Amino acid sequence: MSTFDALRGQLLDAAEAFSGGGDVLAGILSGMVDDVDRMLREELEIFPVCHHSPASALAMTRRLRDKRPKVVYLELCEDMRPLLDELRNCRLPVALQAFATQLDGFPAGSGPLSVIAPVTEASAEYQAIAYALDTPGVEIVLVDRSVDHVFQWLPQETDGPDPHEQAAQGDEAALHSDDVALHGDAVGVEIGDLRPRFAELEKHLLHHGKVRHWSEWWDQYVEQPLTGADYDTYRQAMALIGSLFRRLRPDGHGRLAVDEERERYMWTRIREHLAESGADPADCLYVCGAFHAVSTVAEFGLRSEAPPYTIAPRTGTRWLHGLIPSSHSAIEAQFGLAQGSVSIAAATWAKAVRRGGVTPYRLEGQQGGRAKQGGKRGGSAAPPVAAEPAADRLSGFLAAPPALDGLDEDELRGWCVDIVRLARRNGYLASTADAIAVFETSILLAGLRGRARPTPYDFADAAVTCIEKDAVPGRRDVRRLCEILLGGDKIGMVGYDALPPLARDVYDRLEPLGLDLTRRTQQRVLLDLRADPELEPCSDLLWTLRYLLPDGALRPIMGARRLGERPIQESWDVALGRHQREIVELGYEGVTVEQVLEQRLRRMAWDPQATAGAALAAVEDAILYVGGRRLPGELGARAVELLAAERTVDDAPEVLRRIRRLLTYYRASEPELPAWCEDFVTAGYSHYCTLLPTAFADDDTAVRQVGAMLGFLFTLESLALSLGCDRAQLELAVRQSHPRDPAKVALLWAAQTQLGLLTREELRARCDVLLANPLVVPAYPLYVSGFVQALEPVPGLAPFVVEALSKAFARLPDPVLLPWLPTLICTLRQHAPELVPVLVREAGRTFPGALAELDAWTPPWERPAAPVRAARAAAAPSGPVSTLLARHPGACDAVAVLLGCTAEWGSTGHGNGEVAALLDRHPAATGAVAALLGA
């Protein structure tokens, strides 16, 4: 007879009563019993767990102490095994991470790829790890798929609906971004992902359990009853739950196929290890999720007769492994748990440990906890308990009501007093009456929900009901305060010895600042670089880290890093403790931050979508943060290549702004321009001259881009001509341009004026014609926008633009001008926001500064032209030079004809009497000059 025949009969009778003899319900209930029976009959002992479950952790601690296995098989990515030894250098919770940036075998553009596996102290996997690592002669073997296979199978795993994405997290918006972001966008894997994958089942359980979310249901109906249960009861009940969720799954769910592949993978690795090591299965323990403990695949068990399972090869991707900080809120956000559930689980674990009866295992040297060790009990430990035939513990467990604790008034009263104290500290107007109200409401809610004692969830709901007002006065609301009270959002830290070389190098180089870089609070530091020159390397490192790390890690309060500038004092807000994950991930990219920075700059410049502006930005960053000539020279040469290959001018404003700044820097700091700068200017001059006619005619090219092209050509013209460019190319490009857009037409007129193809008077006449034409007046703001854009290449045009606007305001009547003003303002704001201040300054110089002067003021363009003074008769030339020219007039006549002069030759005598008299009185000076010239 089977161990569970009696239970199977009871369940079949219940199915008959509820379904009227239907085969579906009977098959499900009978299959659940068969799954539990098959797991218990397996030669290798299977320990079913649920992630972050205090009940699982307690049962694991007791079983490890009783059985003392020599081999522990753990459901975790097999290539993360080297990281387990580094856990003793960390403060939990932390996460094991695998990271890859250079992908081989995955779709292009899908990186970087990251996988994390969080570890908390109140988890069964940590107890198994601590036992195996600190107990001599015990081996721990990770048997789950590798990280590479996680991403190989990911498209199948994400196929179909997942209730985790539909989890009820009503307070998700209250999660703090700093804590939630500890895992970034990594893919999470955990041991014992136990949750219904049938949405209707979860909804049914929540409704009839009178709870708001799944975490509360699990704590009420699984955690609390199993916390004090014996090992056999725990094991059978957990397997039964796993079987229930496995059988009540939606048809065609993509994750089931992946789960079965994982189970085949794990059993294959277990059999391989047993064959290689020769270990006795009786001395082994297989720790896996309850969902996998009742697997139905043919490869299940050591005596399986299924054909050998072939594990697919890994891709060529090189994975890097490390530890990153984690937190309770990050775990909750990663795996769809209710806010505060992991903190409540940690508090439940701590309370169970304080009650006694179990001594948890803890890695030797572990930070952040008591030094008591659970695994160092070799000689005094009791002998292993002999395996006994499995007895039916499910029947009694399911039939008897759970023995729940009664009301602990002292505990509840302490919660109520403490939450009122916390609320007052955070701005709430809470009082003793609120504490009494929370106490009574907690008992009331527990009674309405059929509970013998208020749970932390009941207390949190009561506190929100009684204390929370219509607005949150501070940074934290009442529900967040309850989480802090009941256990807090514990945040882990990776120890110095477990950090990658780059992170350790950062900590060592910043040591002169005297900061505690492990603190998660913000710290202020002042650097006086003139008084303490030895702090300059720290300043350079801070600026480099600010460039590499996200916003908030480092914030400069005083001081800036610009081309050609070096501050003498700096002040920083440093919060590297909050961004330890990002520093660890930098260690996956290189050995030093300088190496990582160089790699990122090269990646930016050689990206397939890179532009010349992006390459120039990389050059500027290389000068600021790396220094030297090698890297800026390589990036600059890349910028020349990108500019010559561009077929559009969308990046022209960025190119102009950056190349001007770089040329100014090199002219001020270097004896000569680098070769790449000269090549960039000549290539840009030829490139923009070639594209100028097309850009003027293309409707998709904005006037800002065309203005930037002209700015490049005009402002860098002298340098380009000195390097061998031909000005005729620019004149020809302007003559070939025929725009239709009013703004571009005005820009073309400005360019023609700069080249001398159009005089200022002709330009003024054209604008007067525009104002006189009623059909063109509505488009006049666009012409003005073009003239304003022309201030970039032709800054001397500012007085004329002021004149054009002034004439429009003076001549247009109000019915035309008032509807015209919004168009003008919007046009200037859209097309030339940075050039309007130039126009305003010019208007300030043109118009009078006082109101009293306005009545008598006449605009410069309306003042009469100054009368031309009568030219005095040119004095007749005299001296040996004039005599020489008069003796040989052919050369002078030719020059005169070339210059268009028609004056006739005068006499060679002294036409100016005063000068002649002066020379006669002092002949010595004239003779000395003549002798000097050899005349």
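Cut-offs applied
- Residues numbered from 1 in each chain as written.
- Predicted model: local features only at pLDDT ≥ 70, side-chain atom pairs only at ≥ 80, totals over all residues.
- Heavy atoms only, no water.
- Disulfide = S-S within 2.5 Å.
- Patch = residues over 30% accessible without salt bridge, like charges linked within 9 Å, V, L, I, M, F, W, Y side chains within 5 Å.
- Areas by Shrake-Rupley, 256 points an atom, 1.4 Å probe, with all protein chains shown as cover.
- Salt bridge = Lys/Arg side-chain N within 4 Å of Asp/Glu carboxyl O.
- Helix = DSSP H or I, 4+ residues; strand = E, 2+ residues; numbered from the N terminus.
- Buried < 20%, exposed > 50% of the residue type's maximum accessible area, 1.4 Å probe, protein only.
- Contact = heavy atoms within 4.5 Å.
- Pairing = 2+ DSSP bridges.
- Axes fitted to C-alpha atoms, helices over the stretch in contact; angles between N-to-C directions.
- Parallel < 35°, antiparallel > 145°, perpendicular 65-115°, else oblique.
- Left-handed = near helix turned anticlockwise from the far one by under 90°.
- Nonpolar A, V, L, I, M, F, W, Y, C, P; charged D, E, K, R; others polar.
- Phe/Tyr/Trp six-rings, centres within 6.5 Å; stacked < 30°, edge-to-face > 60°.
- Lys NZ or Arg CZ within 6 Å of the ring centre and 35° of its normal.
- Arc of directions from axis to C-beta.
- Polar contact = N/O pair within 3.5 Å; in protein donor to acceptor, adjacent residues only side chain to side chain.
- Core = buried A, V, L, I, M, F, W, Y, C linked by side-chain atoms within 4.5 Å.
- pLDDT = per-residue confidence, 0-100.
- Expected span 1.5 Å × (residues − 1).

Moving on: the state of the cysteines. Summed over the entire model, instances satisfying the criterion amount to zero disulfides. Here Cys416 stays unpaired: no disulfide links it, and the sulfur of Cys466, its closest cysteine neighbor, is 8.8 Å away.

Here we take up a nonpolar patch on the surface. On the surface, Leu526, Ile557 and Met558 cluster together into a nonpolar patch covering about 260 Å² of accessible area. Mapped onto the elements of the fold, Met558 is located in strand β10 (residues 554-558). For Met558, a relative accessible area of 34% corresponds to the partly exposed category.

On to the environment of Glu216. Relative to the assigned elements, Glu216 resides in helix α10 (residues 214-227). Distance from Glu216 to Leu337, taken between C-alpha atoms, is 9.6 Å for residues 121 residues apart in sequence.

Take the pattern of salt bridges next. Taken as a whole and assessed by the stated rule, the structure comprises 48 salt bridges. The shortest N-O distance in the salt bridge between Glu654 and Arg657 comes to 2.7 Å. Taken together, the residues span about one helical turn, with Glu654 and Arg657 both in helix α27 (residues 652-669) at a distance of three residues. Its salt-bridge partner being Arg845, residue Glu842 comes within 2.6 Å of it at the nearest N-O pair. Of this pair, Glu842 and Arg845 both sit in helix α37 (residues 836-846), three residues apart, which is roughly one turn of that helix. Residue classification places Arg845 among the exposed residues on the basis of a relative accessible area of 59%.

What follows concerns the side chain of Thr317. By secondary structure assignment, the location of Thr317 is in the loop between α13 (290-293) and β8 (320-325). By relative accessible area, which is 8% here, Thr317 ends up buried. Once residues within four sequence positions are removed from consideration, Thr317 is found in contact with Ala100, Gln102, Leu103, Asp104, Phe106 and Asp148.

Across the sheet, four strands lie side by side as β1-β7-β2-β5; this open sheet has parallel pairing. Looking at the sheet topology across the chains shown, the edges are occupied by β1 (45-49) and β5 (139-144). Direction aside, neighbouring strands of the sheet carry axes that sit 30 degrees apart on average. Of the strands in this sheet, β1 and β7 (284-289) are in contact with helix α3 (residues 54-67), which crosses β1 at around 160 degrees.

In this section: the packing of helix α17 (residues 409-425) against helix α18 (residues 432-448). Where α17 contacts α18, the two axes come as close as 9 Å, and the packing angle between them is 135 degrees. Taken together, the axes of α17 and α18 lie oblique to each other. Between α17 and α18 lies a crossing whose hand is right-handed. Contact residues: α17 offers Glu409, Leu412, Arg413, Cys416 and Val420, while α18 offers Asp434, Ala435, Val438, Phe439, Ser442 and Ile443. For the contact of α17 with α18, a count of residues per class yields seven nonpolar, one polar and three charged.

Let us now look at the packing of aromatic side chains. In this description, an aromatic ring pair is defined by two values, namely the gap between the centres and the angle between the planes. Counted under the stated rule, the structure contains 17 aromatic pairs. Measuring from ring centre to ring centre gives 5.6 Å for Phe47 and Tyr234, while their planes differ by 40 degrees; the resulting arrangement is tilted. Note that Phe47 is positioned in strand β1 and Tyr234 in helix α11 (residues 231-247), a separation of 187 residues in sequence. The burial state of Phe47 is the same as that of Tyr234; both residues are buried. Taking the centre distance of 5.2 Å and the plane angle of 35 degrees together, the rings of Phe99 and Tyr588 count as tilted. Here Phe99, found in strand β3 (residues 94-100), pairs with Tyr588, found in the loop between α23 (580-586) and α24 (593-605); they are 489 residues apart in sequence, far enough to count as distant. On the accessibility criterion, Phe99 (7% relative accessible area) is buried. The ring of Phe300 carries the charged tip of Arg38 above its face, separated from the ring centre by 5.5 Å.

In this model, Leu92 is joined to Pro93 through a cis peptide bond whose omega is 5 degrees. You can see Pro93 is positioned in the loop between α4 (81-84) and β3. The residue His52 is not glycine, and still its phi comes out positive at about 50 degrees. Structurally, His52 is set in the loop between β1 and α3. For His52, a relative accessible area of 7% corresponds to the buried category.

Pairing is antiparallel across the open sheet formed by three strands, whose spatial order is β9-β11-β10. Only two strands of the sheet have a single neighbouring strand rather than two, namely β9 (523-528) and β10. Adjacent strand axes in the sheet meet at a mean angle of 25 degrees when their direction is disregarded. As defined by bridge partners, β9 adjoins strand β11 (residues 569-574) across six bridges and the pair is classed as antiparallel. Bridging from a neighbouring strand, Asp528 pairs with Gln569 of β11.

Turning next to helix α31 (residues 727-735). The set of residues buried in α31 consists of Leu730, Ala733 and Val734. Buried residues of α31 fall within an arc of 100 degrees about the axis and therefore sit on the same side. Against the buried residues of α31 lie α28 (675-697), α29 (703-715), α30 (717-722) and α32 (742-755). Near the N-terminus of α31, the side chain that reaches the backbone nitrogen of Ala728, with its oxygen 3.1 Å away, is that of Asp726.

This paragraph deals with the packing of α18 against helix α19 (residues 456-467). To describe two helices that pack against each other, one gives the angle between their axes and the distance between the axes. Close contact between α18 and α19 brings their axes to 8 Å; oriented N to C, the two are set at 135 degrees. Classified by the angle between their axes, α18 and α19 sit oblique to one another. As for the relative orientation of α18 and α19, their crossing is right-handed in sense. Of the residues in α19, those touching α18 at Asp434, Ala437, Val438, Thr441, Ser442, Leu445 and Ala446 are Asp458, Phe459, Asp461, Ala462, Ala463, Cys466 and Ile467. The class makeup of the residues in the contact of α18 with α19 is nine nonpolar, two polar and three charged.

Nonpolar side chains in soluble globular proteins tend to end up buried together. In terms of nonpolar packing, the biggest core is built from 196 residues, with Met80, Leu96, Leu510, Leu576, Phe680, Leu692 and Leu797 touching the most fellow members. No other element matches the 11 residues that α28 contributes to this core. Apart from the residues within four sequence positions on either side, Leu797 is in contact with Ala750, Arg760, Leu763, Phe787, Ala790 and Leu791. Counting residues in hydrophobic clusters, the runner-up holds 26 residues, among them Tyr73, Trp267, Val297 and Leu302.

Mean pLDDT over the protein chain: 81, with 85% of residues reaching 70 or higher. Counting interchain partners and residues more than four positions distant, the pLDDT-below-50 stretch residues 159-177 has 35 contacts. For residues 370-382, every residue scores under 50 in pLDDT, and the model assigns this stretch 24 contacts once sequence neighbours within four places are set aside.

Taking 1.5 Å of rise per residue, 13 residues should cover 18 Å, and α24 covers 18 Å from first to last C-alpha, within 8% of that figure. Within α24 the residues assigned to the buried category are Val593, Val596, Leu597, Glu598, Leu601 and Ala605. Each element contacted by the buried residues of α24 is listed here: α21 (501-509), α22 (536-548), α23, α25 (612-625) and α26 (630-645).

All right, on to the environment of Ala306 then. Its place among the elements puts Ala306 in the loop between α13 and β8. A residue is classified by how much of its surface remains accessible, and Ala306, at 22% relative accessible area, is partly exposed. When neighbours within four sequence positions are excluded, Ala306 is seen to be in contact with Ala298 and Glu299.

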